[in-house]
Amino acid sequence: MVNWVVNHWFSVLFLVAWLGLNVFLFVHAFLSFEKATKYYYTRQILGSALAWARASARCLNFNSMLILLPVCRNLLSFLRGTCSFYRSTLRKQLDHNLSFHKLVGYMICLHTAIHIIAHLFNLERYSRSRQATDGSLASILSNLPHQENYSWLNPIQSPNTTVVYVTFTSIAGLTGVIITVALVLMVTSAMEFIRRSYFEVFWYTHHIFIIYFIGLGIHGLGGIVRGQTEESMAENHPHKCAEFFEKWDDPASHCKPPQFEGLPAESWKWILAPGILYIFERILRFYRSQQKVVITKVVMHPSKVLELQMHKHGFSMEVGQYIFVNCPSISNLEWHPFTLTSAPEEDFFSIHIRAVGDWTETLIRTFEKQYSPVPRIQVDGPFGTASEDVFQYEVAVLVGAGIGVTPFASILKSIWYKFQHADQNLKTQKAGHAALNFDKANDILTGLKQKTFFGRPKWDNEFSTIATAHPKSAVGVFLCGPQTLAKSLSKCCRQYSSLDPRKVQFYFNKENF
């Protein structure tokens, strides 16, 4: 546990800060609406449900502001390059971008649930007070007329108006339903099983986020939750006039009927800046994707693996990076990530595509047709990953499962080129494992004659051996594979790292797309 905290102190600090901000915003908003005099009369109808609704709305806005930032890949690549001047600890945090994106998504779901439940109570209390005939303060407030000279408090205009009617005819209610449906679809389609097995469903459904943000931006424009105006508070201060509500209509009374106004819309203020940043991100990616890509070589490997070697003017890459690929003849909208398998020293860039879904199977069948023209390919990227830091370690352990070996093909090729040219900047002295399971004289991905061990290693033995052989080294462990394997390797990294920072330390890195 101590080793984990030491190696992940920045992640822990960042996570604590994010959670702390959520708690602070929630508590601050809750107390503001629970105690503010401006909302005294509103609380007479809604009670504490008002504060719960507004506090969760504040946190929803905050997390909606953050949700797009981890998927601005050009921004992350820029920050990765900027952080190269600092410790690798800062760069490693960028590798957790998708994990943070998911955490923010879960937090949005939590506060959405709180917000919906609170407003269900609010609507029920609005309806009950509108139908009340007991002459209570809540009844009097609910029956303030919806006229130009009076500002209403209760959105339910008559005793016969139902909660469902208000929900689907008001701006706040209708956009709330749309936002909730969009969120449910995005979250459910992002489940691991669906994302892995039906990527197209995930891809299309996740782009409903556009509807989510538009709905969120206009959600508060209806002003369904209202507070007393400043001018009205001078004529009817709740602390002085609330107990005399039966005399508000009496001209001799010093208390006039209160007037109310809707809360100003706030959501758009939170999401405007990240929204503009994301739009620029998409414009840049669109411009880059329109640049011509020339396919120089197509190779069909066993086990339905397609290799594409390509050239693109101005394309520059580093080891372990990935690109997004689109084939307009299959779909104009679908972009799929693939790790680059070529080395930066080569005059082309390449990817290996395995048939694992409808899109990849269609792409492979298209390239298998002998007498048809080569389909047009669009490329966006490259984008950085954890594997870029592999040459910062004296000892590197590369673990790939299935098609997950592709990031390390680029690394092994680059190591070979660097040794050939006697690159003095290369720190790496030993590459541990790269599971390239192809029975060929030369490796099918790297072209090297050096073959690696087959089968599943006994990780305790492997880590123990490395720790003994390199007692004072920083060992980088890089994985492109399933989460179950990631848990095993991460555990071994913690277990076999020394408490003494001067001795062997294992640093776990996992590819995330």
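Residues numbered from 1 in each chain as written. Predicted model: local features only at pLDDT ≥ 70, side-chain atom pairs only at ≥ 80, totals over all residues. Heavy atoms only, no water.

The protein has the name NADPH oxidase 1 in an unreviewed UniProt entry, where Ovis aries is given as its organism.

1. A look at the side chain of Ser-189
Test applied: Each helix corresponds to a stretch of at least 4 residues labelled H or I by DSSP, and each strand to a stretch of at least 2 residues labelled E; elements are numbered beginning at the N terminus. Distance and chemistry together define a polar contact, namely a pair of N or O atoms within 3.5 Å, with one atom able to donate a hydrogen and the other to accept it when in protein, and with adjacent residues in sequence counting only for side-chain atoms on both sides. When checking whether two residues touch, look at their non-hydrogen atoms; a contact exists if any pair is within 4.5 Å.
Within the element layout of this structure, Ser-189 appears in helix 10 (residues 171-189). At 2.9 Å, the side chain of Ser-189 and the backbone oxygen of Leu-185 are in polar contact. Contact partners of Ser-189, with chain neighbours within four places excluded, come to Ile-194, Arg-195, Val-201, Phe-202, Thr-205 and His-206.

2. What about the packing of aromatic side chains?
Under the convention used in this document: To pair, rings of Phe, Tyr and Trp, with the six-membered ring standing in for Trp, must have centres within 6.5 Å; the planes then decide the type, stacked if under 30 degrees apart, edge-to-face if over 60, and tilted in the middle. Only protein chains enter the calculation, and the probe is 1.4 Å; a residue is then buried if its accessible area is under 20% of its type maximum, exposed if over 50%, and partly exposed in between.
A full pass over the atoms with the stated rule returns 21 aromatic pairs. Ring centres of Trp-18 and Phe-100 lie 5.6 Å apart, and the angle between their planes is 75 degrees; this geometry places the pair in the edge-to-face category. A residue pair is termed long-range when its members are at least 10 positions apart, and Trp-18 in helix 2 (residues 9-35) and Phe-100 in helix 7 (residues 97-131) qualify at 82 residues. Each member of the pair Trp-18 and Phe-100 is classed as buried.

3. Focus on the packing of helix 4 (residues 49-66) against helix 7
Our working rule: The axes are straight lines fitted to the C-alpha atoms, using for helices just the contacting stretch, and the angles between their N-to-C directions are given from 0 to 180°. Orientation labels follow simple angle bins: below 35 degrees gives roughly parallel, above 145 gives roughly antiparallel, 65 to 115 gives roughly perpendicular, and whatever is left gives oblique. Each crossing gets its hand from how the near helix is turned against the far one by less than a right angle, where anticlockwise is left-handed and clockwise is right-handed. Throughout, the ten residues Ala, Val, Leu, Ile, Met, Phe, Trp, Tyr, Cys and Pro are labelled nonpolar, Asp, Glu, Lys and Arg are labelled charged, and all others, Gly among them, are labelled polar.
Helix 7 packs onto helix 4 with a crossing angle of 155 degrees between their chain directions and a minimal axis gap of 8 Å. Considering the angle they form, helix 4 stands roughly antiparallel to helix 7. You can see that helix 4 and helix 7 cross each other, and the crossing is left-handed. A breakdown of the residues in the contact of helix 4 with helix 7 according to their chemical character gives 15 nonpolar, eight polar and one charged.

4. Overview of the packing of helix 4 against helix 13 (residues 209-218)
The description of two packed helices rests on the angle between their axes and on the distance between the axes. Interaxial distance between helix 4 and helix 13 falls to 12 Å at its minimum, and their mutual angle equals 140 degrees. Judged on the interaxial angle alone, helix 13 and helix 4 are oblique. Relative to helix 13, the crossing made by helix 4 is left-handed. On helix 13, the residues touching Leu-60, Asn-61 and Ser-64 of helix 4 are Tyr-212, Phe-213 and Leu-216. Here the residues of the contact of helix 4 with helix 13 sort into four nonpolar, two polar and no charged.

5. A closer look at the sheet that holds strand 4 (residues 305-312)
Where we set the bar: Paired strands, as defined in this entry, are two strands with at least two bridges between them according to DSSP.
Spatial ordering of the open sheet is given by 3-4-7, a layout of three strands whose pairing is antiparallel. Of all the strands in the sheet, the pair left with one neighbour each is strand 3 (293-301) and strand 7 (349-354). Neighbour-to-neighbour, the strand axes of the sheet open up by a mean angle of 20 degrees, direction not taken into account. Both strand 4 and strand 7 contribute to a ladder of six bridges, which runs antiparallel. Counterpart to Met-310 in the pairing with strand 7 is Phe-349. Across the sheet, helix 17 (residues 358-368) lies against strand 3, strand 4 and strand 7, angled at about 115 degrees from strand 7, the strand it touches most.

6. Quick notes on the state of the cysteines
To keep things clear, this is the line we draw: Here, two cysteine sulfur atoms that lie within 2.5 Å of each other are counted as a disulfide.
Enumeration according to the criterion identifies one disulfide in this entry. Here Cys-241 connects covalently by a disulfide to Cys-255, the sulfurs 2.0 Å from one another. Disulfide Cys-241-Cys-255: the torsion about the S-S bond is -75 degrees, which places it as left-handed. Of the two residues, Cys-241 is situated in helix 15 (residues 238-241) and Cys-255 in the loop between helix 15 and strand 2 (260-262); the sequence distance between them amounts to 14 residues. On the basis of relative accessible area, Cys-241 is assigned to the buried category, the value being 4%. By relative accessible area, which is 7% here, Cys-255 ends up buried. In this structure Cys-492 is not part of a disulfide, and its nearest cysteine sulfur, from Cys-493, lies 7.2 Å away. You can call Cys-492 buried: its relative accessible area is 6%.

7. Focus: the pattern of salt bridges
Applicable threshold: Between Lys or Arg on one side and Asp or Glu on the other, a salt bridge is scored when a side-chain nitrogen of the former is within 4 Å of a carboxyl oxygen of the latter.
On inspection of all chains with the given rule, the structure shows six salt bridges. One salt bridge connects Glu-261 with Lys-38, and the closest N-O pair in it is separated by 3.1 Å. Taken as a pair, Glu-261 in strand 2 and Lys-38 in the loop between helix 2 and helix 3 (40-46) lie far apart in primary sequence, 223 residues in all. One connected set of salt bridges, linked through shared partners, spans Arg-285, Arg-288 and Asp-380.

8. Points about the sheet that holds strand 6 (residues 336-339)
What holds strands together in a sheet is hydrogen bonding between their backbones, with the strands either parallel or antiparallel. An order of 6-5-8 is seen for the three strands of this open sheet, with the pairing classed as antiparallel. If you trace the sheet from one side to the other, it starts and ends with strand 6 and strand 8 (378-383), each paired once. On average, adjacent strands in this sheet sit at an angle of 30 degrees to one another, irrespective of strand direction. Sheet analysis places strand 5 (residues 322-326) next to strand 6, joined by four bridges and oriented antiparallel. Looking across to strand 6, one finds that Tyr-322 is bridged to Thr-339.

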